[in-house]
Amino acid sequence: MTGPTDLPTLPDARFAGLLAEARALQTKTVELRREIHRNPEIGLHLPKTHASIKAALDGLPLEITEGKSTTSLTAVLRGGKPGPAILLRGDMDALPLHEDTGLDFASEDDGAMHACGHDTHVAMLASAARLLCEHADELAGSVVFMFQPGEEGEHGARHMIHEGVLDAAGERVEKAFGLHIFTSAASGVVQTRPGPIMASANSFHVTVTGRGGHGSAPHQAIDPVPAAAAMVGALQTMVTRKVSVFEPAVVSVTRIETGTTTNIIPETAFLEGTIRTLSERTQAFVREELPRVCEAVGAAHGVKVSAEVLPGYPVTVNDPRVAGRVLELAAEVLGAGNSEVMENPVMGAEDFSYVLQRVPGAFAFLGACPPDADLATVEANHSNRVVFDEDAMANGVAMYAAFALDALR
C-alpha cells in the first residue's frame, strides 16, 4: 500500500526556528543600524562605521582582516567541519544629502545621510554573523563576511577583491550572496531573478566649443547652445533607432551648463549624464556610439566637440541556480508570501557586480515599505525623506544565515 504523493515537503530542520533567532537579535540589529545612521560617512574611508562594526563583532569567534586601501572589514567564520567557503556582503557607505526624515536617530551630519539603507545592510550582516557563530558546528566550510565601503560610485568591491576578500578563507569562495533593502516592496518580502538584475552604469561628459559673441548678433559667433540642445535630442534618437527594443538601454542627459547672462553667446557648453544597459554588448555599442553622435552633431553646427565616456559598474548578473535557491529559501524560512520573482531588472547599478563576475551567486532585494505608507507613493531609496521599516531587518538576517547554512550543509 502506498501513501499519497501530493503531501507538502517537510521543512528542513536546519531552518527550524531560524527566523525566531533572527528576531531575538532584533534589538542588537536596530541599535547598530541606528548608531550608524546617526553617523553617516561617504566614500571609501569610514572610520566611525568601521569602529561600530568592529565593536559589534567583538568577542565572536571570527578571523578579522582590515582593509589597507579603504576602511573595509572582512570577517571569516570557520565551520565545525571541512568544506568550501561562501561569501555574504553588506555595504556601508552613505550618500551626500541632507536628511529630512524627522527620525529621532536622524543623521548628525548635515551633508550625509543613509538614504540607500546601507546602514541596515551592515546591521543585518553583523547580526547574521552573530547568529551563524551559534551554528558554527553545523557548517561544513567557512563563511566570509564582506563589510564594504564605497559602493556609491567608488568601486569599493574592486578594492576588496584586489586585497583578497574572495580568498580570505584560504581558498576562493564558491558562492556569494548580497541583499539590498528598498521601500518599493512590502516589508519583509525578498525579490530576485535569474540573469541580469541590475544595469551597468557609465557616465559621459561632453564639452562643446564654439566662439562667443553678442546675443544680438549670433551670425558673428559660433553658438554652442543650439548644438548642445541638438545633441540631447540626437542621443535619445540614437537609443530608439540604433539599439534593439529587446536590449534595454537608457541614456539620460542630467546636466547642462553654459552661459553667464542674457546678452552673451557663450564660447562653451557642457553636457553630462548616465548610460544604463543590461548587456555588455549594448554597453559597448552605446559607449562607442555616443561620442560619434555628439561629434557629428557638432560638425553640422560648426563647433568642436570633446566627448568622453567614463567606465562604471558592470551589469549585475545572478547565477540562475543560485537565484532560484534564494527564492526557495525565502519561501521556506520567511513564508511563501515573502518570496517573489522580479519580473524586470532594475536600471540602477551595483558594484556587487564585480563579485558576481568572478563567483556564482545572487543579489536580492528586501522590501521595507513602512506599514503606514502606500507602495505607490512611498519615498524611494536616495530620497532625503526615505524611511525603512526596521522590522524587515529580521528577515534579512534570517536570509543571510539560511544562505550560509544551505550552502555549507
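Coordinates for the structure precede this section.
Structure report, in brief. Here the structure is a predicted model, which means the values were calculated and not measured.

**Re the overall build of the protein chain**
Helix and strand counts for the protein chain stand at 10 helices and 16 strands. In terms of its C-alpha atoms, the protein chain occupies a principal-axis envelope of roughly 90 × 55 × 45 Å. Residues counted as buried form 52% of the 409 residues belonging to the protein chain. Partitioning the intrachain contacts of the protein chain with sequence separation of at least 6 by distance along the chain shows that 82% fall at a separation of at least 24. Within the structure as shown, the protein chain displays about 18,000 Å² of accessible surface, and the carbon and sulfur contribution to it stands at 51%. Between the mean site of the 31 positive side-chain charges and the mean site of the 52 negative ones, the protein chain shows a separation of 6 Å.

**A short note on the state of the cysteines**
Applying the stated criterion to the full structure yields 0 disulfides. There is no disulfide at Cys116, and the cysteine sulfur nearest it, in Cys369, is 16 Å away. Judged by relative accessible area, Cys116 falls into the buried class, the value being 8%.

**Notes on the pairing of strand β16 (residues 361-369)**
Counted residue by residue, β16 has 9 buried out of 9 residues, so it is predominantly covered. Judged by which residues are buried, β16 turns out to be covered on both faces: Gly361, Phe363, Phe365, Gly367 and Cys369 on one side and Ala362, Ala364, Leu366 and Ala368 on the other are all buried. Here strand β5 (residues 175-186) runs beside β16; their pairing, made up of 8 bridges, is parallel. What sits directly across from Phe177, in β16, is Ala362. Pairing between strand β6 (residues 190-192) and β16: 2 bridges, direction antiparallel. Considered in β16, the bridge of Gln191 is made with Phe365.

**What to know about the nonpolar core**
One finds Leu57, Leu88, Val143, Phe145 and Phe147 to be the most contacted residues of the largest nonpolar core, which totals 68 residues. Counting residues per element, this core draws most heavily on helix α10 (residues 392-407), at 11 residues.

**A closer look at the side chain of Thr101**
Relative to the helices and strands, Thr101 resides in the loop between β3 (81-91) and α4 (118-134). A polar contact of 2.5 Å, which involves the side chain of Thr101, links it to the side chain of Glu99. A polar atom in the side chain of Thr101 sits 3.3 Å from the backbone nitrogen of Leu103. Beyond its immediate sequence surroundings of up to four residues, Thr101 is in contact with Ala106, Met113, Asn384, Arg385, Val386 and Val387.

Parameters and conventions
- Residues numbered from 1 in each chain as written.
- Predicted model: local features only at pLDDT ≥ 70, side-chain atom pairs only at ≥ 80, totals over all residues.
- Heavy atoms only, no water.
- Helix = DSSP H or I, 4+ residues; strand = E, 2+ residues; numbered from the N terminus.
- Buried < 20%, exposed > 50% of the residue type's maximum accessible area, 1.4 Å probe, protein only.
- Contact = heavy atoms within 4.5 Å.
- Areas by Shrake-Rupley, 256 points an atom, 1.4 Å probe, with all protein chains shown as cover.
- Lys, Arg positive; Asp, Glu negative; His and termini not counted.
- Charge placed at Lys NZ, Arg CZ, Asp CG, Glu CD.
- Disulfide = S-S within 2.5 Å.
- Pairing = 2+ DSSP bridges.
- Core = buried A, V, L, I, M, F, W, Y, C linked by side-chain atoms within 4.5 Å.
- Polar contact = N/O pair within 3.5 Å; in protein donor to acceptor, adjacent residues only side chain to side chain.

In short, shape yes, function no, at least from these values alone.
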